[in-house]
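Chains, contacts and geometry: an overview
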Amino acid sequence: MRRRPPDFRRPARRRLSNAFWWTLCFVAVLLFVFILSKGSQIESRPVLIKRSYRHERIMEGLNITEEMLNPSSIARQISDQISLAKAFVVIAKESSNLQFAWELSAQIRNSQILLSNAATRRAPLRITEAETAIRDMALLLYQAQQLHYDSAAMIMRLKAKIQTLDENVSSVSEKSSKYGQIAAEEVPKSLYCLGVRLTTEWFRNLNVQRKFNEKRQIDTKLKDNDLYHFCVFSDNILATSVVVNSTALNSKNPDKIVFHLITDEVNYAAMKAWFSMNKFRRVTVDVQKFEDFSWLNASYVPVLKQLQDSDTQNYYFSGNGGDSRTPIKFRNPKYLSMLNHLRFYIPEVFPALKKVVFLDDDIVVQKDLSDLFSINLNGNVNGAVETCMETFHRYHKYLNYSHPLIREHFDPDACGWAFGMNVFDLVEWRKRNVTGIYHYWQEKNVDRTLWKLGTLPPGLLTFYGLTEPLDPSWHVLGLGYTNIDPKVIEKGAVLHFNGNSKPWLKIGIEKYKPLWEKYVDYTHPLLQSCNFH
């Protein structure tokens, strides 16, 4: 390219640029001089005072000593070495270098002893006494670095190990739940023995039958609505005996108490024999078996039809329900027992009664319950203690809210309540056709899409809007699976051993067993012969 003649060249910008920068530097110098002159007039800097005050507050709050802040602090140097060494101990163990891990651990102990001695005498460490420990630890730490321990790789290995441990814990928890469920369902040999001996006694001893027939001459009491009527549906003789005995012993008027016991064909003779042979402070006891109820048939009772269905039984017992394995808790025989569902037919079981208190067989009564019969239910059918102090006891934890029927009719945050001690107004029950409501929801749940487990979910649906909350002291729950405040237990009228740890089982919670066992007469010949202790 040809070079332009000088006349046609652009003006030199460099000269103009140099002049501009010289002018800018001159202005900056003037500004700097001005700032210095102003700064000389400032007498104090309160900011420094604030920073010092804040520094003191931090030291006070964190309990920091001057020695820890000293950059040449021996104690801090040893502490830092210990922290790093502990990390290398873990890495060395994971790398199977156990000898090196042992050497690190030994040196950590030596360093910790130095710090402990210094803290005891309340004097800083001297370099003469700590020099050897610092040097030895430094050598070990240098050696650890030379072994090329990769922290990132080690973190990944530890994460993988944690995941493996989590899987092992999950597996162990599942096995524990399974074995616990099996233990809870098991009938102890002593209970089985008692049932056999009582059945034999019933058919062998005519005096026992005569006593029972004498007690049956009480038809007027069984229908007298001025008395206190309790009902228990159970196949457990000893547990039922504890319910009756504890109620009788804590009652102010035991002669006004009537117990209606419903059992099955297998335990009917044994139950009759036990309550004929024993007295419970003039309490009236009547025993029936549900097989005698003519109205209890598959054409009237939807759940009975479902329980007889092979698919339902396969669901509960095969462990192959739906698309995945059925949880162990679903496969409990009690969910296939009519005794568990009979609570929804109390008006049919006792057609002459107006009010009944329903009790589970895993409860203990420790207060007089006569006041329950004078509680105003305000037009409701069911009087029960609510359990929604925690969120997991609300409706959405029991029911399937992805189903439109549930979503449209029930508030997911509605408060749950407990079966086990319930006051039922049978007059209102019949008037509102509560059993019909129960039938409706049972028929809708034939495919188990509304709920899966137990009698509480259908109870929540059946008595929705028909339940009157009772004072919590009437019914204390959880003695079969958790710890309860002793003051709450002391004030409770009814103690409920709901959960797997029943007091008559070996897996029962030891500290709560005496509450139940004090109502068992272990000196009874039959209990001794069956090895109850």
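Further up the page is the structure itself.
Residues numbered from 1 in each chain as written. Predicted model: local features only at pLDDT ≥ 70, side-chain atom pairs only at ≥ 80, totals over all residues. Heavy atoms only, no water.

Moving on: the environment of Y464. Note that Y464 resides in the loop between α20 (456–462) and β8 (467–469). Judged by relative accessible area, which is 32%, Y464 ranks as partly exposed. Separated by 50 residues in sequence, Y464 and A414 have C-alpha atoms that sit 9.0 Å apart. Residues contacting Y464, with those up to four places away along its chain left out, are Y395, H409, F410, D411 and A414. (Helix = DSSP H or I, 4+ residues; strand = E, 2+ residues; numbered from the N terminus. Buried < 20%, exposed > 50% of the residue type's maximum accessible area, 1.4 Å probe, protein only. Contact = heavy atoms within 4.5 Å.)

As a further point, take helix α11 (residues 237–249). One turn of an α-helix holds 3.6 residues; hence residues three or four places apart share an orientation. Spanning 13 residues, α11 covers 18 Å between terminal C-alpha atoms, matching the ideal 18 Å at 1.5 Å per step. Along α11, the residues classified as buried are I237, L238, A239, T240, S241, V242, V243, V244, N245, S246, T247 and A248. (Expected span 1.5 Å × (residues − 1).)

Once that is clear, we can look at the pairing of strand β7 (residues 421–425). Put simply, side chains in a regular strand alternate between the two faces of the sheet. Among the five residues of β7, five are classified as buried, and the element is accordingly described as predominantly covered. Alternating positions in β7 separate into two faces, M421, V423 and D425 on one and N422 and F424 on the other, with burial throughout. Bridging between strand β4 (residues 355–359) and β7 involves five bridges; their strand directions are antiparallel. Each residue of the ladder has a partner; that of V357, found in β7, is V423. Inspection of the sheet shows strand β6 (residues 382–384) paired to β7 by two bridges, in the antiparallel sense. Its bridge partner being in β7, N382 is matched across the sheet by F424. (Pairing = 2+ DSSP bridges.)

Once that is clear, we can look at the state of the cysteines. In total, this model carries two disulfides according to the counting rule given. In this model, C193 is linked to C530 through a disulfide, with the two sulfur atoms separated by 2.1 Å. Judged by the sign of its S-S torsion, about -70 degrees, the bond between C193 and C530 is left-handed. Note that C193 is positioned in helix α8 (residues 189–204) and C530 in the segment after α23 (525–529), a separation of 337 residues in sequence. Judged by relative accessible area, which is 6%, C530 ranks as buried. Paired through a disulfide, C388 and C415 show a sulfur-sulfur distance of 1.9 Å. Disulfide C388-C415: torsion about the S-S bond near -95 degrees, hence left-handed. With C388 in the loop between β6 and α17 (404–409) and C415 in the loop between α17 and β7, this pair connects stretches of sequence that are 27 residues apart. Accessibility classification places C388 together with C415 in one group, the buried group. Across the protein, the disulfide pattern expressed with sequentially numbered bonded cysteines is 1-4, 2-3. (Disulfide = S-S within 2.5 Å.)

Glancing now at the nonpolar core. Core analysis: the biggest nonpolar cluster contains 63 residues, and F230, F259, L359 and L372 have the highest contact counts within it. Once you skip the residues sitting within four places of it in the chain, F230 turns out to touch T247, I257, V258, F259, H260, V357, L359, L369 and F373. By size, the runner-up hydrophobic cluster in this structure holds 45 residues, among which are L307, L405, W429 and L460. (Core = buried A, V, L, I, M, F, W, Y, C linked by side-chain atoms within 4.5 Å.)

A few words on the packing of α8 against helix α12 (residues 265–277). With their axes 8 Å apart at the nearest point, α8 and α12 run at an angle of 75 degrees to one another. The orientation of α8 with respect to α12, classified from their angle, is roughly perpendicular. Mapping the contact onto sequence places L194, G195, L198, T199, E201, W202 and F203 in α8 and A269, A270, K272, A273, W274, S276 and M277 in α12. When grouped by side-chain class, the residues that make up the contact of α8 with α12 number nine nonpolar, three polar and two charged. (Axes fitted to C-alpha atoms, helices over the stretch in contact; angles between N-to-C directions. Parallel < 35°, antiparallel > 145°, perpendicular 65-115°, else oblique. Nonpolar A, V, L, I, M, F, W, Y, C, P; charged D, E, K, R; others polar.)

The strand order β3-β2-β1-β4-β7-β6-β8 describes an open sheet built from seven strands, whose pairing is mixed. The two strands at the open ends of the sheet, each matched to only one other strand, are β3 (284–289) and β8. Ignoring which end each strand starts from, the neighbouring axes of this sheet average 25 degrees apart. With six bridges connecting them, strand β1 (residues 228–233) and strand β2 (residues 257–263) associate as parallel partners. Of the residues in β2, the one forming a bridge with F230 is F259. The strands touched by α11 within the sheet are β1, β2, β3 and β4, with β2 carrying the most contacts at an inclination of about 175 degrees. This element, α12, spans β2 and β3 of the sheet and lies at about 165 degrees to β3.

Read across the sheet, three strands follow the order β5-β10-β9 without closing on themselves; strand pairing throughout is mixed. Each end of this open sheet is capped by a strand with a single partner; those strands are β5 (363–365) and β9 (475–476). Examined bridge by bridge, β9 and strand β10 (residues 494–496) share two bridges and lie parallel to one another. Note on β10: the bridge partner recorded for H475 is V494.

The next subject is the side chain of H229. Here H229 shows up in strand β1. Among the polar contacts listed, one links the side chain of H229 to the backbone oxygen of D224, at a separation of 2.5 Å. With residues near it in sequence (within four places) discarded, H229 still touches K221, L222, K223, D224, V258, H260, L353, K355, V356, V357 and F373. (Polar contact = N/O pair within 3.5 Å; in protein donor to acceptor, adjacent residues only side chain to side chain.)

Once that is clear, we can look at the packing of aromatic side chains. If you walk through the whole model with that rule in mind, you get 24 aromatic pairs. When the centroid spacing of 5.9 Å and the interplanar angle of 80 degrees are considered together, the rings of W417 and F463 count as edge-to-face. Placement of W417 in the loop between α17 and β7 and of F463 in the loop between α20 and β8 is noted, with a sequence separation of 46 residues between them. Overall, the relative accessible area of 3% leaves W417 in the buried class. Relative accessible area serves as the criterion here: at 1%, F463 is assigned to the buried category. Directly above the ring of F419 sits R343, whose terminal nitrogen or CZ lies 4.8 Å from the centroid. (Phe/Tyr/Trp six-rings, centres within 6.5 Å; stacked < 30°, edge-to-face > 60°. Lys NZ or Arg CZ within 6 Å of the ring centre and 35° of its normal.)

Mapped onto the secondary structure, N205 falls in the loop between α8 and α9 (206–215). You can call N205 partly exposed: its relative accessible area is 22%. Put simply, N205 and A273 are 68 residues apart on the chain and 9.4 Å apart in space, counted from C-alpha to C-alpha. There is a polar contact of 2.9 Å between the side chain of N205 and the backbone nitrogen of N207.

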